Amino acid sequence: MKTKITVAITGLNNTDNPGPGVPVIRGIRDSGDFDVRIVGLAYENLEPGIFMPGVADKTYQVPYPSEGTNVLVQRILEIHKKDPIDVLIPNFDAELYAFMRSEKVLEEAGIKTFLPTLEQFEERHKSNLPEFGEKYDLLVPFSKPITRIDEIDKLKENFEYPLMVKGKFYDAYLAYNEEQVRMNYNKISAKWGLPVIIQEFIKGTEVNVVALGDGQGNTIGAVPMRKQYITDKGKAWSGITLDDPKLLDLTRKIIEATKWRGGMELELVKSSKNELFIIEINPRIPAWVYLAVGAGQNLPEALVKLALGEKVLPFTSYQVGKMFIRYSYDLITDLKEFEKLSTLGEL
Amino acid sequence: MQIRKNIAISETGFVFNPTTGDSYSINQVGREILGYLAANKSPEEITSLMTTDYDIDPASFEKYYFDFISMLRQFELLDEAHED
């Protein structure tokens, strides 16, 4: 008999820069243990997941975290009053801080989450990556957060070109000279604020791992993937699961050392000397997580179980050579649907 | 010289390296050579087998053979630890 639960999920923006909401929902819906009702939480009224059939049973608009943690959490609690939520899965880096800070308030209201701690979230931050690498004995590229445009002139003292210019939450650009750094600094700081992170460019093959930690140091699941087709935004449009014990060992090492709680994505570069450099640690499930589900590790389902306090045994295998290929699709809907969401804040 | 143990080679000549995620297509001759490498044959044995089956002299074959081996090495398909 399946357990009836309601799961609220953000990240329904299944665009060319997709949020993880839709694949997380697909994973949970594939569960043999849950009879799930999905409450979608949307920041924008044109997020495709709102209108896609079979994705969210009900969607509510929520305010951006930039409007204040309290405003966002109050809206969640208001939704919870009329449409009780068992588990909440936030899927954006930018909103995690608000939900981590409000974990107790949500828990007291009966909404369960399974998120990293504030300390875990902060120490793996792009701007703190060098210290993170040193603390846990991991290879990371040299990086430096900058907050003023005049710092760009001095970068040549510490960096060789090309170098990476990164936003604190999203966006990364390769820059070959100071002019390109300036251009990207302005673009990124306008969108994501400061600091902007300057990172050493490591030449090699980019590989990624989606993983889930139980908060006790155990890796519940981990699936490595190589992007096969990358969009101009650097997003995977196609990918394939890999058989690389080194990647899995590194993932387990990080989860064990940090006692990571929740989903994570490791972004790594394998250098020509086969060294694994950690480029980023994203504190949430990535948008390509359905590949892991397809390869035999339903990490979104496991995350829900962990949030509910159930014991989850670690996955022991996955299928190597499983591929995903994204596609675009024109969804037809009526103005009335759009109108409902825009005027009532729910659909 | 050996092909990495986890390399998958299909009957149609599709080669998949699960460590890197790369895949390649090879022709019939390449497939035969990979088969011999997988069976742990030495370069001399492979030369002998191939020059028996095909109309090519050993010196010409070896030139193409070592080119092919360099390519396999570049694509990380060889188990360097077991190279002789």
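Note that the coordinates shown come from a computational prediction; the quantities given were computed from them, not determined experimentally. (Residues numbered from 1 in each chain as written. Chains lettered and ligands numbered in written order. Predicted model: local features only at pLDDT ≥ 70, side-chain atom pairs only at ≥ 80, totals over all residues.)

Details of the overall build of chain B
Alright, step 1. Tallying secondary structure elements over chain B gives 3 helices and 5 strands in all.
Alright, step 2. Its helices and strands taken in sequence order, chain B reads β-β-β-β-α-α-α-β from the N to the C terminus.
Alright, step 3. Relative to the globule expectation of 12 Å for 84 residues, the C-alpha radius of gyration of chain B, 12 Å, shows essentially globular dimensions.
Alright, step 4. Dimensions of chain B along its principal axes, counting C-alpha atoms only, are 35 × 30 × 20 Å.
Alright, step 5. Counting every position in chain B, which comprises 84 residues, the buried fraction comes to 13%.
Alright, step 6. Taking the intrachain contacts of chain B between residues at least 6 apart in sequence as the baseline, contacts between residues at least 24 apart amount to 47%. (Helix = DSSP H or I, 4+ residues; strand = E, 2+ residues; numbered from the N terminus. Rg over C-alpha atoms; globule rule 2.2 N^0.38 Å. Buried ≥ 20, exposed ≤ 12 C-beta atoms within 10 Å, placed from the backbone. Contact = placed C-beta atoms within 7 Å.)

Re the interface of chain B and chain A
Alright, step 1. In this complex, chain B contributes 6 residues to the contact, which on the side of chain A involves 9 residues.
Alright, step 2. The residue makeup of the side of chain B that touches chain A, split by class, is 2 nonpolar, 4 polar and no charged. (Nonpolar A, V, L, I, M, F, W, Y, C, P; charged D, E, K, R; others polar.)

Quick look at the sheet that holds strand E1 (residues 3-9) of chain A
All names here are of chain A.
Alright, step 1. Reading across the sheet, the 4 strands line up as E3-E2-E1-E4 and stay open at both edges, with parallel pairing between neighbours. Both outer strands of the open sheet, strand E3 (58-61) and strand E4 (87-89), are each paired with one neighbouring strand and no more. Ignoring which end each strand starts from, the neighbouring axes of this sheet average 25° apart.
Alright, step 2. By the bridge criterion, 3 bridges tie E1 to E4 in an arrangement that is parallel. Each bridged residue has a counterpart across the sheet, and for Val7 the counterpart in E4 is Val87. (Pairing = 2+ DSSP bridges. Axes fitted to C-alpha atoms, helices over the stretch in contact; angles between N-to-C directions.)

Observations concerning the environment of Ile332(A)
Alright, step 1. Position of Ile332(A) relative to the elements: it lies in the loop between strand E14 (323-325) and helix H12 (335-344).
Alright, step 2. The spatial distance from the C-alpha of Ile332(A) to the C-alpha of Met52(A) is 9.3 Å, given a sequence separation of 280 residues.

Some words on the packing of helix H2 (residues 43-53) of chain B against helix H3 (residues 58-74) of chain B
All names here are of chain B.
Alright, step 1. Where H2 meets H3, the closest approach of the two axes is 10 Å, and the angle between their N-to-C directions is 120°. Looking at the two axes, H2 sits oblique to H3. As H2 packs across H3, the resulting crossing turns out to be right-handed. Facing H2, whose interface residues are Pro43, Ile46, Thr47, Met50 and Thr51, H3 presents Pro58, Phe61, Glu62 and Tyr65.
Alright, step 2. Grouping the constituent residues of the contact of H2 with H3 by class yields 6 nonpolar, 2 polar and 1 charged. (Parallel < 35°, antiparallel > 145°, perpendicular 65-115°, else oblique. Left-handed = near helix turned anticlockwise from the far one by under 90°.)

Side note on the packing of helix H1 (residues 21-29) of chain A against helix H11 (residues 299-307) of chain A
Pairs of packed helices are described in terms of their axes, by the angle between the two and the distance that separates them.
All names here are of chain A.
Alright, step 1. Between H1 and H11, the shortest axis-to-axis distance is 7 Å and the interhelical angle comes to 75°. Relative to H11, the element H1 lies roughly perpendicular. Residue-level inspection shows Val24, Gly27 and Ile28 of H1 in contact with H11, the latter providing Leu299, Pro300, Glu301 and Val304.
Alright, step 2. Of the residues that constitute the contact of H1 with H11, the class distribution is 5 nonpolar, 1 polar and 1 charged.

Here's the deal with the domain arrangement of chain A
Residue and element names in this part refer to chain A.
Alright, step 1. Under the domain assignment, chain A is made up of domain 1 (3-114 + 330-344), domain 2 (146-198) and domain 3 (203-325).
Alright, step 2. A straight line from the C-alpha centre of domain 1 to that of domain 3 covers 23 Å.
Alright, step 3. The interface of domain 1 with domain 3 comprises 22 residues on the first partner and 23 residues on the second.
Alright, step 4. Within the residue set of the side of domain 1 that touches domain 3, elements represented by two or more residues are H1, E4 and helix H4 (93-101).
Alright, step 5. At 5 residues, H1 tops the list of elements feeding residues into the side of domain 1 that touches domain 3.
Alright, step 6. Here the residues of the side of domain 1 that touches domain 3 are counted per class, giving 11 nonpolar, 6 polar and 5 charged. (Domains from an automatic or database assignment.)

Points about unusual backbone geometry
All names here are of chain A.
Alright, step 1. Geometrically, the link from Tyr161 to Pro162 is a cis peptide bond, its omega value of 0° lying close to zero.
Alright, step 2. Secondary-structure assignment places Pro162 in the loop between strand E5 (143-146) and strand E6 (163-166).
Alright, step 3. In this structure, the amide linkage connecting Leu194 to the following residue, Pro195, adopts the cis form with an omega of 0°.
Alright, step 4. Within the secondary structure, Pro195 sits in the loop between helix H8 (178-192) and strand E8 (196-200).
Alright, step 5. Here the phi dihedral of Asp137 falls at roughly 55°; this positive angle occurs in a residue that is not glycine.
Alright, step 6. Note on placement: Asp137 falls in the loop between helix H7 (129-136) and E5.
Alright, step 7. Look at Asp137 and you get exposed, because 8 C-beta atoms sit within 10 Å.
Alright, step 8. The residue Lys259 is not glycine, and still its phi comes out positive at about 55°.
Alright, step 9. Checked against the element boundaries, Lys259 lands in the loop between helix H9 (245-258) and strand E12 (261-271).

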